[in-house]
Amino acid sequence: MGGWFLPSFLPYPAPNRLPNFSFPPARLPAPCPPRWWLLLSLLLLGAAPGPRRGAAFYLPGLAPVNFCEDEKKSDECKAEIELFVNRLDSVESVLPYEYTAFDFCQASEGKRPSENLGQVLFGERIEPSPYKFTFKKEETCKLVCTKTYHTEKAEDKQKLEFLKKSMLLNYQHHWIVDNMPVTWCYDVEDGQRFCNPGFPIGCYITDKGHAKDACVINSEFHERDTFYIFNHVDIKIYYHVVETGSMGARLVAAKLEPKSFKHTHIDKPDCSGPPMDISNKASGEIKVAYTYSISFEEEKNIRWASRWDYILESMPHTHIQWFSIMNSLVIVLFLSGMVAMIMLRTLHKDIARYNQMDSTEDAQEEFGWKLVHGDIFRPPRKGMLLSVFLGSGTQILIMTFVTLFFACLGFLSPLMPLLFSPAAFGGEKWKTNVLLTSFLCPGIVFADFFIMNLILWGEGSSAAIEHPVRTNQIPRQIPEQSFYTKPLPGIIMGGILPFGCIFIQLFFILNSIWSHQMYYMFGFLFLVFIILVITCSEATILLCYFHLCAEDYHWQWRSFLTSGFTAVYFLIYAIHYFFSKLQITGTASTILYFGYTMIMVLIFFLFTGTIGFFACFWFVTKIYSVVKVD
């Protein structure tokens, strides 16, 4: 069973699509909320411990823990190692389930850790487990529990069918030791070794004898129309001795290898015999004994602060990230050149020519964007709706920048989200907290600025917000527009270049959400964020100038929709991703996928639209403030 070579489809990247398979109808346990990372990354801030000892700052629950042998344990050095279990998920389904929804071994005692709000929204359900270890105390084939199913009993049959369906959909365990995922490392293509922060419940051999998912790892898995459950795990914990020697050791990795044993003697298992198979047509009594083996190994080359590296380094596609950045930079340079040409040459000549028109006869010969100076700041139709969109988009923009900035400084953990609110301290009224967090401080700041601006406006101060030109009472008639200056073509073209900057990065983000892969390249993401802001701004300014030259002064909604249309391309790509990359099956999972996708598209629409509007607002204010207007 050691040294397996697994094809690239298992399970990262995602496994092949499974065949249709029917079970007798059964009432399944209620799923816990799905995990939607991109949506919450706008709101959630996490923390990863710093690399230095002593003076390092650690958030509660994330400080290093020291472990010693049982005879040396103290308040500062623990001997017992707790293993926690998290919710189970699958790339075949959007529905994650709590560990307790399955008929696995349950902890007889132990306090369930209270999740913070971020973990709850992510669908995290962390439970104590029956797996208890003592530091440096090795165990071999230790029995945890035995589950017995009588197929003639309706309750047992329902539990067994739910277990089969979960194996069919390749549901994955997620175990945690010392705030670190317990990983399953295996060989993939090109001699690479991938470390998966989860491992499957089991696997299935089709009625045609085709091995699906993890069943390819063992030639003994060959019975047709049969499930094989991984009821044994070999766990190895790696530790690093603290430099002082008096503080014990710190855990730097936890790895396991799932196995399947029928166990010749269930009461005294020896981890021998054929694999634990459950035929799809099995009847009578079925017993499943769950066991584990635990060993410890000192690792001198890995320190506690860098213990995530072996997981992150096993993830491929870093070179594609650089390609994404270079692709985006080329687009930015192209747009910057276009905008610079307009600003430094065409626009400069326009302003100089307009300012030289002093006579009445010249003034009557005005042309281009100066002609609409009396209408350029005319309030748009549905202005209230646009204001609401801009207010929401501004909050999203600021929170995205702050989150990514702190992520680049190392304050965003790949594993555990943390919302900056009292809910993280065990508060129960989290709904009230979310509402107050959303409205209290923004409302106070808005009221403060509104009152101050009223005072400044009343006193005639230049600090009050006012437009550089007056608005005419009678709206100017807009001349007939050519095809490329009409609203719709410009809006459609405006979103192409911004989307071209992000579509590669979008692939990794969607993988993180729906394929349950870790996302950790926040430096790349921050650069792409900056490039996206620049690209949206420059594309909108470019099209805004063309429309003003065509004497069309309805720029407010158009600027918002031009860059906001990037979200439509996002939606098209998400649909393509669903059909070409995912193996999601079932009506409920499909509805949930597109439901959450629409939420993300809306947020992205507000985000990019706000960028385009304020870029165009700055541009319009700038050019009309330097031209002489009677």
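What counts and what doesn't
- Residues numbered from 1 in each chain as written.
- Predicted model: local features only at pLDDT ≥ 70, side-chain atom pairs only at ≥ 80, totals over all residues.
- Heavy atoms only, no water.
- Core = buried A, V, L, I, M, F, W, Y, C linked by side-chain atoms within 4.5 Å.
- Buried < 20%, exposed > 50% of the residue type's maximum accessible area, 1.4 Å probe, protein only.
- Helix = DSSP H or I, 4+ residues; strand = E, 2+ residues; numbered from the N terminus.
- Contact = heavy atoms within 4.5 Å.
- Pairing = 2+ DSSP bridges.
- Expected span 1.5 Å × (residues − 1).
- Patch = residues over 30% accessible without salt bridge, like charges linked within 9 Å, V, L, I, M, F, W, Y side chains within 5 Å.
- Areas by Shrake-Rupley, 256 points an atom, 1.4 Å probe, with all protein chains shown as cover.
- Salt bridge = Lys/Arg side-chain N within 4 Å of Asp/Glu carboxyl O.
- Axes fitted to C-alpha atoms, helices over the stretch in contact; angles between N-to-C directions.
- Parallel < 35°, antiparallel > 145°, perpendicular 65-115°, else oblique.
- Left-handed = near helix turned anticlockwise from the far one by under 90°.
- Nonpolar A, V, L, I, M, F, W, Y, C, P; charged D, E, K, R; others polar.
- Disulfide = S-S within 2.5 Å.

This part is about the nonpolar core. Core analysis: the largest hydrophobic core is formed by 67 residues, its most contacted members being Ile376, Trp514, Leu548, Tyr593, Phe619 and Val620. Counting only elements with at least two residues in this core, the list comes to helix H5 (318–355), helix H7 (383–408), helix H10 (496–514), helix H11 (522–549), helix H13 (566–581) and helix H14 (587–625). Per-element accounting of this core gives the leading share, 17 residues, to H14. Apart from the residues within four sequence positions on either side, Val620 is in contact with Ile376, Phe377, Cys544, Leu548 and Trp555. Among the nonpolar cores identified, the runner-up in size contains 60 residues, and Phe194, Ile235, Tyr239 and Phe296 belong to it.

Here we have four strands laid out as an open sheet, ordered S3-S2-S6-S7, and antiparallel in their pairing. Of all the strands in the sheet, the pair left with one neighbour each is strand S3 (127–134) and strand S7 (180–181). Here strand S2 (residues 80–85) runs beside S3; their pairing, made up of five bridges, is antiparallel. Paired with Phe84 across the two strands is Pro128, which belongs to S3.

Moving on to helix H3 (residues 154–168). When the terminal C-alpha atoms of H3 are compared, their 21 Å separation across 15 residues agrees well with the 21 Å that a helix rising 1.5 Å per residue should span. Residues Asp156, Leu160, Glu161, Phe162, Leu163, Lys164, Ser166, Met167 and Leu168 constitute the buried set of H3. Those residues of H3 hidden inside the fold are in contact with strand S4 (139–150), strand S11 (202–205), strand S13 (226–229), strand S16 (277–279) and strand S17 (285–298). Positive backbone phi, approximately 60°, marks Asn170, located one or two places after H3.

This part covers a nonpolar patch on the surface. A cluster of nonpolar residues, Phe401, Phe405, Phe406, Leu409, Ile530 and Ile534, forms a patch on the protein surface that exposes about 490 Å² of accessible area. At the level of secondary structure, the elements contributing two or more residues to the nonpolar patch comprise H7 and H11. In terms of residues, the nonpolar patch owes the most to one element, H7, which gives three residues. Relative to the assigned elements, Phe405 resides in helix H7.

Let us now look at the packing of helix H12 (residues 556–564) against H14. Helix-helix packing is described using two parameters, namely the angle between the two axes and the distance between the axes. Relative to each other, H12 and H14 sit at 135°, their axes nearing to 7 Å. In this view, H12 runs oblique relative to H14, as classed from their interaxial angle. Both H12 and H14 take part in a crossing whose hand is right-handed. Here Gln556, Ser559, Phe560, Leu561, Ser563 and Gly564 of H12 come into contact with H14, specifically with Phe605, Leu606, Thr608, Gly609, Thr610, Gly612, Phe613 and Cys616. Split by residue class, the contact of H12 with H14 holds six nonpolar, eight polar and no charged.

Attention now moves to the state of the cysteines. The tally for this structure, following the rule as stated, stands at five disulfides. Note that Cys105 is cross-linked by a disulfide to Cys145, the S-S spacing being 1.8 Å. In this structure the cystine formed by Cys105 and Cys145 twists about its S-S bond by roughly -85°; its chirality is therefore left-handed. With a gap of 40 residues between them, Cys105 in the loop between S2 and helix H2 (117–122) and Cys145 in strand S4 connect regions that are remote in the sequence. Using a relative accessible area of 18% as the deciding quantity, one classes Cys145 as buried. Here Cys185 is linked by a disulfide to Cys195, with a sulfur-sulfur distance of 2.2 Å. On the sign convention where negative is left-handed, the bridge of Cys185 and Cys195, at about 110° about the S-S bond, is right-handed.

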